[in-house]
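Here are the chains, one letter per residue:
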Amino acid sequence: MLWTLILIPLVTAGLVPLVAKRSVWKLAMLGTLLSLAFTAYLLVGHAWFDPRHSEAGHLASTLEWSGLPGMGLKLSLGIDGVSLLLVSLTALLGPLCVAGSVSAITTRVRTYYGWLLVLQGAMTGVFLARDAVLFYIFFEFTLVPMFVLISLYGSTNRKHAAVKFFLYTFAGSVITLAGVVFVAYQNAKATGEWSFKLSELIAAGQAMPAAMQSWVFAALMLGFAIKVPLFPLHTWLPLAHTEAPTAGSVILAGVLLKLGTYGIFAIVLPMVPQAAVTHAPLMATLAIIGIVYGGLICWVQEDIKKLVAYSSVAHLGFCILGMFSFNAAGLQGSVLYMINHGLSTGALFLLIGMMYERYHTRDLKQIGGLARRMPVWATFMVFFSMASVGLPGLNGFVSEFLCVMGAFQAGDAWRVGGEVGGAGAGLGPWYAAVAGTGMIIAAIYMLSMVGRGVWGALREPPGHGHSHGHSHGQEAGHGGGQGGHSAGGHAAAGAGVGGGDVEPGHLPPDLTGREIGVLMPLAVLCLVLGVYPKPAMDMITPVVKQRVEQMESAQSRRGTPAVAGTVGADTEAAR
Amino acid sequence: MIEKLASLWPEITLFAAACVVMIAGLSKSAAVRRLCSPLAGLALVVAGLLAWHGTPEAATPLKHLPMYGKVLTCGMGLLMLLVLAGTVDRGYEAAVARGAKFDPLRSNRAEFYAFFLFSLTGVMLCAGADDLVWLFLALELTSLPTYVMVAISSRRDGALESAVKYFFLGALGAAIFLYGFALIYGGTGTTNLAEVREVFLSKGINGLAMAGLLLSIVGICFKIAAVPMHFYTPDVYQGASASMAAFLAFTPKAAGFFSLMILLAAVGWGQVGSQGLPSPIYEVLWIIAVLTMTVGNTLAIRQRSIKRILAYSSIAHSGYMLVGLIAGPGLVEMVAPAAGGVQNGGFAANGLAAVLFYLMAYGVMNLGAFSVLAMLERREPGATDEEAARELDDVDELRGLCLSRPPMAGWIMVLSAMSLLGFPPLLGFFAKLPLFTSGISAGQVSLVIILGLNSAIAAFYYLRLAAYPLLEAPDLTGKAGQVRPVGIPARTLAGVASAVGVIALAAYSLAPIAERGARFESPAVMAKPAPKPAAAESTRPATTAPTATTAATADAGAALAQ
């Protein structure tokens, strides 16, 4: 059953070469919509708030596979509330990405949509895999489609960005594999049989002595922290984000980064809880550095896309901070943040892509006051910026607040008996306070970006007129540099800054119905998750509760007194 | 000696076929000459079947290694035979067909195919060696024909140059390990490896023998293209034709690894719980492995020539395999003494199985990469002459191969390069995974980390090999000449077969056979003086059920000996 979810996009990708070029996007749309429908069926078909349903391994399907003997490799899938949410996010972004690419991608469309679908299948596979090697296979396999998408359809510096992206992630994840194999060896030594089943590895990992756990923690975290990305390892991300085509950026920000946080949540924390508790202050510090440093860099960006890219570094910092608080509030906030960041940042990238298709520049020095030209676009831009900043009432607020609150409560001094769940990660008010400045910085950079780009006097690139009659889709070309398309490249298209007349077949000044249709679902979800996050909370609560218990028992094994926590209290507090 | 002969039927088959091919290739009739390569293929099939059903030799600790080695050699031999099609005499045969008189002195076909078979015979003999003299002769039988094959593989001057370089450095390597073998003899008083092992087990390894062992290892490093004997690799690969380079990347490497395993089995691995190898050997191997991986990968990054990239990658892969060798068979102590006290660690923990499996995987995926070079040629603009065509060499010439017609070559390159990188879910990944598991089982965590980092470095250049055909636009101006199929279907077939293998073998691999080949007999059995073959049979009835064929071959062998 779960295999269907992975196979739908993959099979559709296999059909791509058979379809005429013009209608490839329709096929891709069909495939992604099918996945979405299937996911929706999973979503409504089960009572996910019921802990029995939300346990890891629910709906599990395991295929025996005799590839390597004595290795215990199995094709096993399973799903719980957290992975289902992330799968839903993936499935939702799929059709949106296809719809958002129709006018932007005009060359090698088969390659584009084919790899997009493969990427979708691989990402879904990561969230569903319950075998470490299978997880690794999917995790790695997301690299190839993304590499192709960036290096074929990206902007000027795309090849460099693609290679950097690939090498960074590949190098990290090989070390992660070594860590996993080490745990598998410990398991084999204990049980006499090799197995890569995640549940067994988690048990084996927990049984390891603390020092050994620390090494495994380092190995596992290296791969995931690069993917997230955590502060000193983040340098690939702005480049890849900026150079990727719109759909690529959306998927990168929306789902691929979540592979890292999901890996930490589903593998690192349960497998080496003691080491995670020991190193939580370090991880939280790195996360906070990422929050503040990423925010400050955003402040000075002139390139809107780069700004949003760096804002991802800051946002994922919150996610990691919440994760390493180990209490219910922090973990819930962290998981919700994965979803919310995917929605709001994905939407921002879509908006920037739509603007770029019209102006061929993302430079804040050249464009501004676009509310006059594109009121609908501006509305969405402001809306999603607010969601991203964390305006109360929109989705960002809920998760950001929970993450910071989790960090605040994770200090030893603040654990009031019986009230606050959590293992006492050794964080505390100071962590929360410094992270809180990140929220202010976020408001500064987002608002100044919106202020310059959306409001104020209208600024358009010199020589830009809406009557430019050529090459809208050519930014995806693979012939050479795209420099010519920015700024001065359109001088030949005629002057007439206030032109306003639209040639048939080209993009109108403001958003088309298709584009609004792409943005609308995201906007609705942002609003719904901001006002009424209960359904999503209910889905993740059982998993989070299980995780909190694991962390607490690890904490008690370290000798520090642990306090039993109640998850419900925090859920209430969040609202 | 006579019972030994019974296990040599595969080698005898190949040898006989080589003699027949050498005569047939000189025939005046073109039809008979054309039989050379089918004959070689037939011989390989027969030899492979004979090896599959052969009796295991009891005298060596790695009892099943000969079976695996011979079957692997035959299988890879068939693939390599396909790639090697048309390497020699292509232009000359065309001239003869146009009416020129056939001159046996100008034809190279007979030597080429005969030497091909001789070389593979050498690999097989390596896998079954139980004596130092035997081992030396087998190693040289593997290498000597390749020197000549390199020289005649291409009409260009580079082939001669690289053949000479290969020959002299090969002779140096041979001298080093021969000297090592001599010192081992000096230190132990015997050349029989089983006896050497007994001496080592009972009296320890004295200084002379240790020096001999170290020299032998360093000398054999030439065969597997490992540091410090790796310098020849890029030059020789570049000078030889692509098809020949594919042959060179596998054949001596296989022979070298079989020899190292046999040699090291005589030295250590017997004790449970220790590193398995005596400390100087362990340290030297460790350093060689790390240097080999790192040197190979880092030097490959800056290369523009595809053959040089693949040559350095060949060096790096030897380093990977050395990790498995260092990990050893992963013996574990059995609680029940009835089982012989010691048992192999299973596929996941047995480093030797990992090496044997990796050897197969490397052979297949590397052949895929080379076959792309062999199945394409570049014509200079405006040239119509046969001689104007030359092989692809620069990575730029791979641009857009997946977009050209037919796109097959490009996709074979993409799959092979990604598999060589060890990218899941291709064969290379499933071959590297056992190296990881066995290395970590043997406590070699740092070595495994270095292996992992090296895989990441390797991504630099494999990514280029995969991205250029897949993503770059083809050069349509035709200014630098035109890349087109060379028109030898066999080579395309080999490429397709290896590309299919890269995917299919990953799904259902031959790893069980590798595991069987790498089984290490426990020292308790080894310590007993000359166990009877029948007794050895009865201990492992499941693996080698004696069939009618084996009985027949044994009888025939005995008859032949009389």
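Small disclaimer: the values here were computed from a predicted structure and weren't measured.

Moving on to the packing of helix H10 (residues 210–227) of chain A against helix H13 (residues 273–299) of chain A. Residue and element names in this part refer to chain A. Contact pair H10 / H13: the axes reach a minimum separation of 8 Å and the direction vectors enclose 60 degrees. Between H10 and H13, the angle falls in the class oblique. As H10 runs across H13, the sense of the crossing is right-handed. Residues Ala210, Gln213, Ser214, Phe217 and Met221 of H10 lie in contact with H13, whose contacting residues are Pro273, Gln274, Ala275, Ala276, His279 and Met283. Of the residues that constitute the contact of H10 with H13, the class distribution is seven nonpolar, four polar and no charged.

Once that is clear, we can look at the sheet that holds strand E4 (residues 389–390) of chain B. Strand pairing in a sheet relies on backbone hydrogen bonds, with the paired strands running either antiparallel or parallel. Residues and elements named next belong to chain B. Spatial ordering of the open sheet is given by E4-E3-E5, a layout of three strands whose pairing is antiparallel. The open sheet is flanked by E4 and strand E5 (482–485), the only strands paired with a single partner. With four bridges connecting them, strand E3 (residues 376–379) and E5 associate as antiparallel partners. Paired with Glu377 across the strands is Arg484, a residue of E5.

Our focus in this paragraph is helix H19 (residues 427–441) of chain B. Here H19(B) is 15 residues long and its end C-alpha atoms lie 22 Å apart, about the 21 Å a rise of 1.5 Å per residue gives. Burial of H19(B) is extensive: 15 of the 15 residues sit out of reach of the surface.

Quick look at the interface of chain A and chain B now. Facing the 36 residues of chain A at the interface are 39 residues of chain B. Summing the contributions of chain A and of chain B, the shared interface buries around 3,200 Å²; its carbon and sulfur component is 83%. Across the chain A-chain B interface, the total number found is one salt bridge. In this structure, Glu472(B) engages Lys159(A) in a salt bridge whose closest nitrogen and oxygen atoms are separated by 3.4 Å. Among the elements of the structure, helix H6 (132–141), helix H7 (143–153) and helix H8 (158–191) of chain A are those that each provide at least two residues to the side of chain A that touches chain B. In terms of residue count, the dominant contributor to the side of chain A that touches chain B is H8(A) (12 residues).

Moving on, we get to the environment of Ile440(B). Its place among the elements puts Ile440(B) in helix H19. Setting aside chain neighbours within four positions, we find Ile440(B) in contact with Ala178(A), Val181(A), Phe182(A), Tyr185(A) and Val448(B).

Right, let's get into the state of the cysteines. Overall, the coordinates contain zero disulfides over all chains when judged by the stated rule. Left without a disulfide partner, Cys403(A) is nearest to the cysteine sulfur of Cys319(A), which lies 6.0 Å away. Take Cys403(A): its relative accessible area is 0%, and that puts it in the buried class. Cys126(B) takes part in no disulfide bond, and the closest cysteine sulfur to it belongs to Cys74(B), at a distance of 14 Å.

Turning our eyes to something else, we now look at the pattern of salt bridges. All names here are of chain B. Per the stated rule, a full pass over the model turns up 18 salt bridges over all chains. When the shortest N-O distance is used, the salt bridge between Lys70 and Glu11 registers 3.2 Å. Within this pair, whereas Lys70 is found in helix H5 (residues 65–84), its partner Glu11 is found in helix H2 (residues 9–24), the two being separated by 59 residues in sequence. Grouping residues by exposure puts Lys70 and Glu11 together as buried. In this structure, Arg399 engages Glu472 in a salt bridge whose closest nitrogen and oxygen atoms are separated by 2.6 Å.

Another point: the environment of Lys203(B). Considering the arrangement of structural elements, one finds Lys203(B) in helix H10 (residues 193–203). Taking the C-alpha atoms as reference points, Lys203(B) and Gly487(B), separated by 284 residues in sequence, lie 61 Å from one another.

Residues and elements named next belong to chain B. Of note, Gly77 is situated in helix H5. Classification of Gly77 as buried rests on a relative accessible area of 0%. Excluding residues that lie within four positions of it along the chain, Gly77 makes contacts with Leu44, Leu72, Phe116 and Leu120.

Here we take up H8(A). Residue and element names in this part refer to chain A. Under the 1.5 Å per step criterion, the end-to-end length of H8 is 48 Å for 34 residues, consistent within 8% with the ideal 50 Å. Taking burial as the measure, the 34 residues of H8 include 25 buried ones, the bulk of the element. One or two steps after H8, the chain reaches Gly192, where phi turns positive at roughly 85 degrees.

Note that the residue after Val228(A), namely Pro229(A), is joined by a cis bond; omega there is -5 degrees. The residue Pro229(A) is located in the loop between H10 and helix H11 (236–243) in this model. In this model, Val227(B) is joined to Pro228(B) through a cis peptide bond whose omega is 5 degrees. Within the secondary structure, Pro228(B) sits in the loop between helix H11 (207–224) and helix H12 (232–239). Even without being a glycine, Asp89(B) presents a positive backbone phi close to 65 degrees. Relative to the elements of secondary structure, Asp89(B) occurs in the loop between H5 and helix H6 (90–97). Relative accessible area serves as the criterion here: at 6%, Asp89(B) is assigned to the buried category.

The subject of this paragraph is the packing of aromatic side chains. Tallied over the entire structure, the rule returns 40 aromatic pairs over all chains. Aromatic side chains Tyr185(A) and Trp194(A) sit 6.2 Å apart centroid to centroid with 35 degrees between the ring planes, which places their arrangement in the tilted category. On the basis of relative accessible area, Tyr185(A) is assigned to the buried category, the value being 17%. Through a chain of ring-to-ring contacts, the aromatic side chains of Tyr147(B), Tyr166(B), Phe167(B), Phe168(B), Phe222(B) and Tyr232(B) assemble into a single cluster. Across from the ring centre of Tyr356(A), 5.2 Å away, lies the NZ or CZ of Arg362(A), which sits over that ring.

A separate point is the packing of H7(A) against helix H20 (residues 445–471) of chain B. At a minimum axis separation of 12 Å, H7(A) and H20(B) run at an interaxial angle of 60 degrees. By the angle between their axes, H7(A) is oblique relative to H20(B). Regarding H7(A) and H20(B), the two cross each other, and that crossing is right-handed. From H7(A), Phe147(A), Val148(A), Ser151(A) and Leu152(A) reach across to H20(B), where they touch Leu463(B), Ala467(B), Leu470(B) and Leu471(B). Looking at the contact of H7(A) with H20(B), its residues break down into seven nonpolar, one polar and no charged.

Turning next to the side chain of Ser416(B). All names here are of chain B. Tracing the backbone shows Ser416 in helix H18 (residues 408–421). Using a relative accessible area of 1% as the deciding quantity, one classes Ser416 as buried. Apart from the residues lying within four places of it in its own chain, the contact partners of Ser416 are Met365, Gly368 and Ala369.

Our next topic: the side chain of Ser455(B). You can see Ser455(B) is positioned in helix H20. Ignoring anything within four residues of it in the chain, the contact list for Ser455(B) reads Phe170(A), Tyr320(B), Leu421(B) and Lys432(B).

All names here are of chain A. A contiguous nonpolar patch, built from Leu7, Leu10, Val11, Leu15 and Leu18 and spanning about 440 Å² of accessible area, is present on the exposed surface. Along the polypeptide, Leu15 turns up in helix H1 (residues 2–15). Among the residues examined, Leu15 registers a relative accessible area of 37% and is labelled partly exposed.

A few words now on the confidence of the model for chain B. Residues and elements named next belong to chain B. Mean pLDDT for chain B: 82, with 84% of residues reaching 70 or above. Note on residues 334–340: pLDDT under 50 across the span, and seven contacts to partners over four residues away in sequence or across chains. Predicted confidence is poor over residues 523–562, with pLDDT under 50, and the contacts of this stretch with residues over four places away or in other chains come to 41 contacts.

This part covers the confidence of the model for chain A. Residues and elements named next belong to chain A. For chain A, the mean per-residue pLDDT works out to 80, and 82% of the residues sit at or above 70. Of all helices and strands in chain A, the one with the weakest mean pLDDT is helix H21 (residues 567–574) (42), whereas H6 scores best (91). Across residues 416–423, confidence stays below pLDDT 50; counting only partners more than four residues off in sequence or on other chains, it has 27 contacts. In the model, residues 466–505 has pLDDT below 50 throughout and makes 76 contacts with residues more than four positions away in sequence or in other chains.

About the thresholds
- Residues numbered from 1 in each chain as written.
- Chains lettered and ligands numbered in written order.
- Predicted model: local features only at pLDDT ≥ 70, side-chain atom pairs only at ≥ 80, totals over all residues.
- Heavy atoms only, no water.
- Axes fitted to C-alpha atoms, helices over the stretch in contact; angles between N-to-C directions.
- Helix = DSSP H or I, 4+ residues; strand = E, 2+ residues; numbered from the N terminus.
- Parallel < 35°, antiparallel > 145°, perpendicular 65-115°, else oblique.
- Left-handed = near helix turned anticlockwise from the far one by under 90°.
- Contact = heavy atoms within 4.5 Å.
- Nonpolar A, V, L, I, M, F, W, Y, C, P; charged D, E, K, R; others polar.
- Pairing = 2+ DSSP bridges.
- Expected span 1.5 Å × (residues − 1).
- Buried < 20%, exposed > 50% of the residue type's maximum accessible area, 1.4 Å probe, protein only.
- Buried area = accessible area lost by both parts, 1.4 Å probe.
- Salt bridge = Lys/Arg side-chain N within 4 Å of Asp/Glu carboxyl O.
- Disulfide = S-S within 2.5 Å.
- Phe/Tyr/Trp six-rings, centres within 6.5 Å; stacked < 30°, edge-to-face > 60°.
- Lys NZ or Arg CZ within 6 Å of the ring centre and 35° of its normal.
- Patch = residues over 30% accessible without salt bridge, like charges linked within 9 Å, V, L, I, M, F, W, Y side chains within 5 Å.
- Areas by Shrake-Rupley, 256 points an atom, 1.4 Å probe, with all protein chains shown as cover.
- pLDDT = per-residue confidence, 0-100.

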